[in-house]
Amino acid sequence: MKQPRPKGTTYGFSRAATLVQTRIRSASEQRGFAVTRLLTHWAEVVGEGTAQIATPVNVSYGRGGMGATLTLLTTGAQAPMLEMQKEQIRDKVNACYGYRAIARVRITQTAPTGFADGRVAFTPAPKRVTQPSADVICKASALSENIDSEDLRAALARLGAHVLAKQKN
């Protein structure tokens, strides 16, 4: 007789998060982050505006062990704006930890471990998509009118319109 399967059995499978959890914890603890939630939910902790211009790099503890320093990586242009927000950032990060773990916030433009880690990811400007004019669309559809397939004809007309519009610019 077949025995019923106990609830919660995963047949040997486990979640990907549980597989990498120990590696993430050990890597973040090397950088001084006792709570990995600060790294994984940085935008939720400090807000979307601050998260776009700064990333946490390191948490270093003093000799007494009281009052750590959070090091933030940013670009040169954003450093003065971030400097004015230090107190708010410290309060938000301490709320994430649940106690006053961070006493100081330090802003750097290079990572404390070396230049290879000090790269800031810039978000590129959104690409502008220009629509072709009506006469360009007419020319492109005239070039593709002898195609039998409706879908192919429409796709070629759109492609031709964009190519002709680029040539005019």
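Residues numbered from 1 in each chain as written. Predicted model: local features only at pLDDT ≥ 70, side-chain atom pairs only at ≥ 80, totals over all residues. Heavy atoms only, no water.

A. Representation of the overall build of the protein in the model. When you go through the protein residue by residue, the secondary structure sums to 8 helices and 3 strands. Per-residue burial over the protein gives 27% buried out of 169 residues. A sequence separation of at least 24 residues applies to 57% of the contacts in the protein between residues at least 6 apart. (Helix = DSSP H or I, 4+ residues; strand = E, 2+ residues; numbered from the N terminus. Buried < 20%, exposed > 50% of the residue type's maximum accessible area, 1.4 Å probe, protein only. Contact = heavy atoms within 4.5 Å.)

B. Looking closely at the pairing of strand E2 (residues 68-74). The element E2 is largely enclosed, with a buried count of 7 among its 7 residues. Both faces of E2 are covered, namely the face carrying Ala68, Leu70, Leu72 and Thr74 and the face carrying Thr69, Thr71 and Leu73. The pairing of strand E1 (residues 54-60) with E2 spans 6 bridges and is classified as antiparallel. By the bridge assignment for E2, Thr55 is matched with Leu73. As paired elements, E2 and strand E3 (residues 102-108) share 6 bridges and run parallel to each other. Within E3, the position partnered with Leu73 by the bridge is Thr108. (Pairing = 2+ DSSP bridges.)

C. Inspection of the confidence of the model for the protein at higher detail. Confidence along the protein averages 77 in pLDDT terms, with 67% of residues attaining 70 or more. Highest mean pLDDT in the protein belongs to helix H5 (residues 79-84) (91); lowest belongs to helix H1 (residues 16-30) (60). (pLDDT = per-residue confidence, 0-100.)

D. Just the sheet that holds E1, in detail. Spatially, E1-E2-E3 is the arrangement adopted by the 3 strands of the open sheet, whose pairing is mixed. The outermost strands of the open sheet, each flanked by one partner alone, are E1 and E3. Pairs of neighbouring strands in the sheet enclose a mean axial angle of 25°, with direction left out of account. Across the sheet, helix H6 (residues 86-97) touches E1, E2 and E3, and the angle it forms with E3 is around 125°. (Axes fitted to C-alpha atoms, helices over the stretch in contact; angles between N-to-C directions.)

E. Molecular detail of the side chain of Thr69. Along the polypeptide, Thr69 turns up in strand E2. Taking the relative accessible area as the measure of exposure, Thr69 reaches 12% and is therefore buried. Within polar-contact distance, the side chain of Thr69 engages the side chain of Arg104 at 3.2 Å. If sequence neighbours within four positions are ignored, Thr69 has contacts with Asn58, Val59, Ser60, Arg104 and Arg106. (Polar contact = N/O pair within 3.5 Å; in protein donor to acceptor, adjacent residues only side chain to side chain.)

F. Structural detail: the environment of Ile107. Positionally, Ile107 belongs in strand E3. Separated by 52 residues in sequence, Ile107 and Thr55 have C-alpha atoms that sit 9.9 Å apart.

G. Structural view of the nonpolar core. Membership of the largest hydrophobic core comes to 21 residues, with the highest contact counts inside it found for Leu38, Trp42, Leu70, Leu72, Val93 and Ile102. If you list the elements that add at least two residues to this core, you get helix H3 (42-46), helix H4 (48-53), E1, E2, H5, H6 and E3. Element by element, the count of residues in this core is highest for H6, at 4 residues. (Core = buried A, V, L, I, M, F, W, Y, C linked by side-chain atoms within 4.5 Å.)

H. Structural view of H6. Helix length check: H6 (12 residues) gives 16 Å between terminal C-alpha atoms against 16 Å at 1.5 Å per residue, within 8%. What H6 keeps buried is the set Ile89, Arg90, Val93, Asn94, Cys96 and Tyr97. In a view along the axis of H6, the buried residues occupy a sector of 150°, so they form one face of it. (Expected span 1.5 Å × (residues − 1). Arc of directions from axis to C-beta.)

I. A look at the pattern of salt bridges. Inspection of the entire model under this criterion finds 4 salt bridges. Residue Lys86 pairs with Glu83 through a salt bridge whose shortest N-O separation is 2.9 Å. Judged by its relative accessible area of 23%, Lys86 falls in the partly exposed class. Looking at Glu83, the relative accessible area reads 42%, which means it is partly exposed. Overlapping salt bridges bring together Glu87, Arg90 and Asp91 as one network. (Salt bridge = Lys/Arg side-chain N within 4 Å of Asp/Glu carboxyl O.)

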